[in-house]
There are 2 protein chains.
Amino acid sequence: MSNAGNDIEEGLVFAPKFNNDGLIPAIACDAETGAVLMFAYMNRQALDKTIETGQAHYWSRSRSKLWHKGETSGEILHVHALLTDCDQDAVVLKVKAGGRGATCHTGRVSCFYRQLDGIGQAPAKASLKFVGKERLFDPDEVYGSNDPA
Amino acid sequence: MSNAGNDIEEGLVFAPKFNNDGLIPAIACDAETGAVLMFAYMNRQALDKTIETGQAHYWSRSRSKLWHKGETSGEILHVHALLTDCDQDAVVLKVKAGGRGATCHTGRVSCFYRQLDGIGQAPAKASLKFVGKERLFDPDEVYGSNDPA
């Protein structure tokens, strides 16, 4: 790995590196607060769709299909900025959440609604606590018998 | 996928789900500003070490070994909080960067120092622009001929 001067790290050509499954990790953050809202993967098509439309698209690994986030729930993610990292194998989306502002399929603002209770202790003793439990919608009402999307 | 009531999504037992390679994605964010600093993977050992020590450890896929972030550069990530997502297959670390505060091996505050110039246009036309170009250290001085760590 070179530290400087190579095109991937220092260039201005966007050359996203997809993994062996053809996917790139995508971290969606609230454009205003910076809070991480969700984490998922994109394939080339999903990334291109995201750039073209300004709305987050992913590759659903469980359903093996392109996933326009919010297509069922209305919880569209409007992309204000897309950043890539030094080796261009991950992207950050700075988004404004549409709909009710509940990005998580559980109806919560963020998928990261639980925090480990106890850094600095034996991992086996660590449990979780809620840090954002409130639901802005009832997933059973929104999704019914459909897969969350 | 169930929408509610299952233990993984609604429980307080930390049950991180590692992928087929035994890895879980880990997003490190600045605990104060919320800015995403880096993205890497942990295996079970790295996650346990992170929880025990309060310092970020990863699995280096390029070097196939446990990676104590900052062991060479001094750029330790002190973990203030660890969150997991709805299906417990990703974690967020809220960190305070030690050392010079340059988490990226290029010497920058964040690995996400370039932004796509042009959401809403044809992907082929999209290029990058720097949004955090300044280096807080010279990687050649810090790493010499060693791999960045």
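It should be emphasised that the depicted structure is a prediction, and the values quoted were computed from it without experimental measurement. (Residues numbered from 1 in each chain as written. Chains lettered and ligands numbered in written order. Predicted model: local features only at pLDDT ≥ 70, side-chain atom pairs only at ≥ 80, totals over all residues. Heavy atoms only, no water.)

So, the sheet that holds strand β8 (residues 127–130) of chain A
The 6 strands lie next to each other as β8(A)-β7(A)-β5(B)-β6(B)-β1(B)-β2(B), forming an open sheet whose pairing is mixed. Strands with a single pairing partner mark the edges of an open sheet, and in this sheet they are β8 of chain A together with β2 (36–42) of chain B. Strand-to-strand, the axes of this sheet are offset by a mean angle of 35°, without reference to chain direction. Where helix α2 (residues 44–53) of chain B meets the sheet, it contacts β7 (114–117) of chain A together with β2, β5 (77–84) and β6 (91–97) of chain B, and its direction lies at approximately 130° from that of β2(B). (Pairing = 2+ DSSP bridges. Helix = DSSP H or I, 4+ residues; strand = E, 2+ residues; numbered from the N terminus. Axes fitted to C-alpha atoms, helices over the stretch in contact; angles between N-to-C directions. Contact = heavy atoms within 4.5 Å.)

With respect to the pairing of strand β6 (residues 91–97) of chain A
Residues and elements named next belong to chain A. Across 5 bridges, the pairing between strand β1 (residues 24–30) and β6 is parallel. Of the residues in β6, the one forming a bridge with A26 is V91. Bridging between strand β5 (residues 77–84) and β6 involves 7 bridges; their strand directions are antiparallel. Its bridge partner lying in β6, L77 is registered against A97. Hairpin geometry of β5 and β6 is characterised by an intervening segment of 6 residues between the two adjacent antiparallel strands and by a positive phi of about 55° at Q88.

What about the packing of aromatic side chains?
Two aromatic rings, taken as a pair, are described by how far apart their centres are and by the angle between their planes. What the rule picks out here adds up to 9 aromatic pairs over all chains. Taking 5.2 Å as the distance between ring centres and 80° as the angle between the ring planes, the aromatic pair formed by A:F39 and A:Y41 counts as edge-to-face. One aromatic cluster in this structure is built from A:F39, A:Y41, B:F39 and B:Y41. Taking NZ or CZ as reference, A:R108 lies 4.1 Å from the ring centre of A:Y113, over its face. Just above the ring of A:F130 sits the side chain of A:K133; from NZ or CZ to the centre is 4.5 Å. (Phe/Tyr/Trp six-rings, centres within 6.5 Å; stacked < 30°, edge-to-face > 60°. Lys NZ or Arg CZ within 6 Å of the ring centre and 35° of its normal.)

Topic: the interface of chain B and chain A
One frequently used descriptor of interface size is the decrease in accessible area upon assembly of the parts. The interface is formed by 67 residues belonging to chain B together with 67 residues belonging to chain A. Interface of chain B and chain A: buried area, both sides summed, is about 5300 Å²; carbon and sulfur atoms make up 61% of it. Taken together, the connections running from chain B to chain A amount to 6 salt bridges. A salt bridge links B:E10 to A:R108; its shortest N-O distance comes to 2.8 Å. Applying the counting rule to chain B against chain A returns 28 residue pairs in polar contact (both at pLDDT 80 or more). Top element by residues in the side of chain B that touches chain A is β5(B). It accounts for 6 residues. Bridge count between β7(A) and β5(B): 2 bridges; the pairing is antiparallel. Bridging from a neighbouring strand, A:R114 pairs with B:T84 of β5(B). (Buried area = accessible area lost by both parts, 1.4 Å probe. Salt bridge = Lys/Arg side-chain N within 4 Å of Asp/Glu carboxyl O. Polar contact = N/O pair within 3.5 Å; in protein donor to acceptor, adjacent residues only side chain to side chain.)

Considering the confidence of the model for chain A
Confidence in the prediction for chain A averages 93 pLDDT; 96% of positions are at 70 or higher. For this predicted complex, the interface score ipTM comes out at 0.94, alongside a pTM of 0.94. (pLDDT = per-residue confidence, 0-100.)

Concerning the environment of B:R114
For B:R114, the location among the structural elements is in strand β7 (residues 114–117). Judged by its relative accessible area of 0%, B:R114 is buried. Separated by 64 residues in sequence, B:R114 and B:T50 place their C-alpha atoms 28 Å apart. Of note is the side chain of B:R114, whose polar atom sits 2.8 Å from the backbone oxygen of A:G11. Side-chain polar atoms of B:R114 contact the backbone oxygen of A:C86, separated by 3.2 Å. (Buried < 20%, exposed > 50% of the residue type's maximum accessible area, 1.4 Å probe, protein only.)

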